[in-house]
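This is what each chain is made of:
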Amino acid sequence: MPTRIYRLHPLAALIVCLPLLGGCAGLDAGRDFISGITEYITGDDDNADPPATLQEYTMEVQPEIVWKESIGSGADEKYLKLIPAAAEGSVYVGDHKGHLQARGAGNGSLTWENNSEYSFSAGPGLGLHSVIMGTSTGEVVAFDKGTGEQRWRTDVPSEVLATPVVSHGIVLVRTTDGKVLGLQENGGGVLWSFEHSVPALSIRGTGAPIVIDDSVVIGSANGKLQALQLKDGKALWEATIAIPSGRSEVERLVDLDVDPVAARGAIYIASFQGGTSSVSEVDGDVLWRNEAVSSYSGLSLDYRYLYVSDTKSEVWQLDQRSGASLWKQKDLHNRQLTAAVAYQNYVVVGDYEGYVHWLSITDGRQLGRIQVGKAAIEAKPVVVDDTVYVYAKDGTLAALRVH
């Protein structure tokens, strides 16, 4: 009888809060558990759902690499929230071994570098004068935006896996044990702390907070969206976005791990296995829910539409007003896509083989692609003006454009 190797869905590597490990475990413990069951020998048919093979087509746009640089070792094989951040003509990026760089947005030239000894796990977030990083060992560190010198360090309860957000002089930090903290941008002192419950089993990662006027909105692993007062962390409202269902703990996963986005009085959020929803900024009332489109990688918007890479790496365009699906791109099925971002008249996604794909904003068809390198791209592409910045897991940072 022939033997075949069965592999778990790629998401299995992200599930690290395991009852068998006695609660919420760290990355290495989660990997040890998963590695023991990921491959096994069995017979007969292979039931795996492999990534789609890229097909040849007539490219209608020609993406080009404007510049490409290596930033240390990136996230390597770890699942971290290390992303490029761009502002005021500079791009800031860090790797998991503590290397932090600022480069010129136009040509990639090195402005400054700090080779610290931290284990960066999330960031950077940008403040008025600071570049903020979170670490795997429960620290938040601020570096000077102009020189890269360390300004302050603050211990927090656990690992940081959401990009820190800075607003009105307050650094907003989420930790993997369910806490949200407000820190002083100048000095790092703790202003307030808020805690919500974390299920026994969850997807590794947390969405970044979003600031709307004087409130902070966060999604949690229990499927709830919450609004807090920015100044003191007091709760304003709570909305149930997804309700756990099913017999097993895996079937009941409804994490809100994507970064929320907001426009014209509405907040948009996607859940793992719980669909995509729109809620009111004022009181959290659910305006609509599309249960067919679940995501853990992220979503973005333009003037009228939402773009979502779902859990099967199929890209959707949804109407912001109703949640109705307008098109779905299935040709990149299971290619472990990044969040989809709008760029000019295109939708851009990266994949697990280092390709960046340009899709039509009109109907989702493939228009062009380019391979930045061989390493996977997990971080959401960042669009600034006419340039797309992508950061691969091996530390490759690239600036892309189309003409």
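Residues numbered from 1 in each chain as written. Predicted model: local features only at pLDDT ≥ 70, side-chain atom pairs only at ≥ 80, totals over all residues. Heavy atoms only, no water.

## Things to note about the sheet that holds strand β26 (residues 286-290)
Rules: By the convention used here, strands pair only if DSSP detects at least 2 bridges between them. A helix here means a DSSP run of H or I that spans at least four residues, while a strand means a run of E at least two residues long, and both kinds are numbered starting from the N terminus. Note on definitions: angles span 0 to 180 degrees between N-to-C directions of axes, and those axes are lines fitted to C-alpha atoms, for helices only across the stretch in contact.
Strand order in the open sheet formed by four strands is β23-β24-β25-β26, and the pairing between neighbours is antiparallel. At either end of the open sheet lies a strand with only one pairing partner, and these are β23 (261-263) and β26. Strand-to-strand twist across the sheet, computed as the mean angle between neighbouring axes with direction ignored, equals 20°.

## Here's the deal with the sheet that holds strand β28 (residues 305-309)
Each strand in a sheet pairs with its neighbour through backbone hydrogen bonds, running either in the same direction (parallel) or in the opposite one (antiparallel). Overall, antiparallel pairing links the four strands, which are arranged β27-β28-β29-β30 in an open sheet. The strands lining the two open edges of the sheet, one partner per strand, are β27 (298-301) and β30 (325-329). Within the sheet, the average angular offset between the axes of one strand and its neighbour, ignoring direction, is 20°. Across five bridges, the pairing between β28 and strand β29 (residues 315-319) is antiparallel. Each residue of the ladder has a partner; that of Tyr-305, found in β29, is Asp-319.

## Examining the environment of Leu-332
We apply this condition: Two residues qualify as a contact provided that any one of their heavy atoms is within 4.5 Å of a heavy atom in the partner residue.
Examined against the element boundaries, Leu-332 turns out to sit in the loop between β30 and β31 (341-343). As for Leu-332 and Leu-54, which are separated by 278 residues in sequence, their C-alpha atoms are 7.5 Å apart. For Leu-332, the contacting residues outside a window of four places in its chain are Ala-52, Leu-54, Ser-313, Leu-337, Val-349, His-357, Leu-359 and Gln-366.

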